[in-house]
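Tertiary structure, described
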Amino acid sequence: MKTEQDRAWERWLDRELKQLPDLPAPAALVHRVMLAVHQRRSLPWYRRPWPAWPPSCQIFALLLFAGLAGFAITAVINPAWLPGWKGLTPHLEPWGETGRGLLAIGTTLLEAAVLLFQSVARHLFLVGLVLVLAGYLCAVAILSACYQLAFQRR
Amino acid sequence: MTDPEQFEAFVKAYQNMVYTTALRLLGRESDAEDIAQETFLRAYNRFGDLVHSASAGGWLKTVTRNLSLNHLSRYRARWRFFSEMTTGEDGDEKEPEWAAPEAHDAQMDAADRRRWLQSALRRLPEAQRVPLVLFHFDGLAYEEIAARLGVSLAKIKTDIHRGREALRKRLTHEAQGKELGLCGAPSFCAR
């Protein structure tokens with residue numbers, strides 16, 4: 001049970017604490033921060049955190065990942081579409097040897113993927129995907145429960 | 001691209017506030033410097049938004065507080081362990097009877113009193129200092145502090161009470177030795 005004396009002390013303490021001035025930061029702090037900033041600025045853009053990427057790179061990366069995700073989803077839903085991508089070949093001709101090399105690598109990888117999709121029934125693949133996701137969620141739930149038990153609130 | 005000179009001026013303008021916020025929560029100068037640096041690096045990433053914003057100070061304070069609490073939570077198990085070990089140190093022992101020192105000029109002693117208060121606050125155990133700072137400096141409610149620190153409401157109330165009592169004892173004790181004129185505070189020297 002708080003006495004009036006306790007309450008008066010709390011009020012006094014609250015007032016005094018709020019009036020405490022800021023402490024002076026160490027003189028080296030500014031130098032330290034600017035040095036870290038300089039080091040960060042000297043990093044190539046792709047090694048910086050995402051928000052610090054140049055806007056053009058952010059947009060390009062977003063489009064690239066969206067394209068890859070769309071491609072992966074399409075490949076899972078309709079693998080029969082995949083062989084049709086070879087129609088791109090004429091467009092890559094102007095790239096010369098590099099374009100043809102990349103095309104050869106891409107062809108090999110995609111044909112392997114197509115074979116995988118065709119040999120494993122599509123629905124089986126989707127079921128596997130769902131099972132993997134469910135397993136991941138179960139693992140997260142079990143680990144969270146263990147964490148709660150280990151660090152139970154007192 | 002952020003202008004380095006402009007950003008340096010920004011750091012100089014806010015460094016004391018950021019450093020003090022971190023130091024009050026963490027209690028260690030080296031940790032407070034690390035957190036202050038990380039806070040300013042985050043500010044650098046969005047300096048374009050912050051530089052002309054009236055809420056830059058509030059943003060910096062919130063980020064500093066969150067980073068400091070995250071830093072502490074990495075050692076939560078250890079923190080709780082020591083919290084339990086020290087619970088009887090300051091709060092459970094019988095209140096000593098302090099003799100009232102002579103009254104002094106309150107104006108003259110205000111600076112000394114604040115210096116002692118800063119020092120006593122930093123010497124509090126972490127389990128008492130952190131909720132006390134969140135309550136008095138950041139204005140968080142008991143429930144918010146409990147949720148943020150992941151401990152029970154009862155523990156927060158107990159820790160804050162013990163922290164206040166520890167401050168009262170320590171400051172009164174200092175006042176006895178240094179004659180700081182702390183009797184200007186209500187009930188400060190009554191016990």
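Residues numbered from 1 in each chain as written. Chains lettered and ligands numbered in written order. Predicted model: local features only at pLDDT ≥ 70, side-chain atom pairs only at ≥ 80, totals over all residues. Heavy atoms only, no water.

To continue, consider the overall build of chain A. Helices and strands together make up the secondary structure of chain A, namely 6 helices and 0 strands. Evaluated residue by residue, chain A yields a buried proportion of 23% over its 154 residues. A fraction of 36% describes how many contacts in chain A between residues 6 or more apart in sequence connect residues 24 or more apart. Put simply, chain A shows about 11100 Å² of open surface, and 72% of that area lies on carbon and sulfur atoms. (Helix = DSSP H or I, 4+ residues; strand = E, 2+ residues; numbered from the N terminus. Buried < 20%, exposed > 50% of the residue type's maximum accessible area, 1.4 Å probe, protein only. Contact = heavy atoms within 4.5 Å. Areas by Shrake-Rupley, 256 points an atom, 1.4 Å probe, with all protein chains shown as cover.)

Of all 11 residues in helix α7 (residues 126-136) of chain B, 10 are buried, a share of seventy percent or more. By the burial criterion, the buried members of α7 of chain B are E126, A127, Q128, R129, V130, P131, L132, V133, L134 and H136 of chain B.

Attention shifts here to the interface of chain A and chain B. Contact with chain A, which involves 35 residues of that partner, is made by 46 residues of chain B. Taking both partners together, chain A and chain B bury about 4300 Å²; carbon and sulfur atoms supply 61% of that area. Connecting chain A to chain B are 5 salt bridges. Between D34 of chain B and R32 of chain A there is a salt bridge; the shortest N-O distance is 2.4 Å. (Buried area = accessible area lost by both parts, 1.4 Å probe. Salt bridge = Lys/Arg side-chain N within 4 Å of Asp/Glu carboxyl O.)

Moving on to the side chain of D138 of chain B. With respect to the helices, strands and loops of the structure, D138 of chain B is situated in the loop between α7 and α8 (142-149). If we skip the residues at most four places from it in the chain, D138 of chain B touches K61, R65 and V133 of chain B.

Below, the discussion takes up the packing of aromatic side chains. The full count for this structure, using the stated rule, is 9 aromatic pairs over all chains. Ring centres of W45 of chain A and W53 of chain A lie 5.0 Å apart, and the angle between their planes is 85°; on these two criteria the pair is classed as edge-to-face. For W45 of chain A, a relative accessible area of 36% translates into the label partly exposed. Taking relative accessible area as the criterion, W53 of chain A reaches 17% and is therefore assigned buried. Each ring, one from F10 of chain B and one from Y14 of chain B, has its centre 5.1 Å from the other, and the planes form 55°; the classification is tilted. Placement of both F10 of chain B and Y14 of chain B in helix α1 (residues 4-26) is noted, with a separation of 4 residues, approximately one turn of the helix. Looking at F10 of chain B, the relative accessible area reads 7%, which means it is buried. Judged by its relative accessible area of 24%, Y14 of chain B falls in the partly exposed class. Here the aromatic cluster, defined as three or more aromatic residues joined through ring pairs, consists of F7, F10, Y14, Y44 and F47 of chain B. (Phe/Tyr/Trp six-rings, centres within 6.5 Å; stacked < 30°, edge-to-face > 60°.)

So, about the environment of F10 of chain B. In sequence terms F10 of chain B and F40 of chain B are 30 residues apart; their C-alpha atoms lie 9.3 Å from each other. Not counting chain neighbours up to four residues away, the residues in contact with F10 of chain B comprise F40, A43, F47, L50, A56 and L60 of chain B.

All names here are of chain B. Across all of its chains, the model carries 16 salt bridges over all chains by this definition. Across the salt bridge formed by R129 and E126, the nearest N and O atoms sit 3.9 Å from each other. Here R129 pairs with E126, and both are found in helix α7, just 3 residues apart, close to one helical turn. You can call R129 buried: its relative accessible area is 3%. Given a relative accessible area of 16%, E126 falls into the buried group. Residues K155 and D159 are paired through a salt bridge, measuring 2.7 Å at the closest nitrogen-oxygen approach. With K155 and D159 both in helix α9 (residues 153-178), this residue pair falls 4 residues apart, about one helical turn. Given a relative accessible area of 11%, K155 falls into the buried group.

Right, let's get into the confidence of the model for chain A. With 81% of its residues at a pLDDT of at least 70, chain A reaches an overall mean of 79. Mean pLDDT across the elements of chain A bottoms out in helix α4 (residues 89-92) of chain A (66) and peaks in helix α2 (residues 28-42) of chain A (91). (pLDDT = per-residue confidence, 0-100.)

Let's shift gears to the confidence of the model for chain B. All names here are of chain B. Per-residue confidence for chain B gives a mean pLDDT of 79, with 72% of residues at or over 70. Long-range and interchain partners of residues 87-105, a stretch whose pLDDT sits below 50, account for 33 contacts in this model, where long-range means more than four residues apart. Taken over the whole predicted complex, pTM reads 0.64, whereas the ipTM for its chain interfaces reads 0.73.

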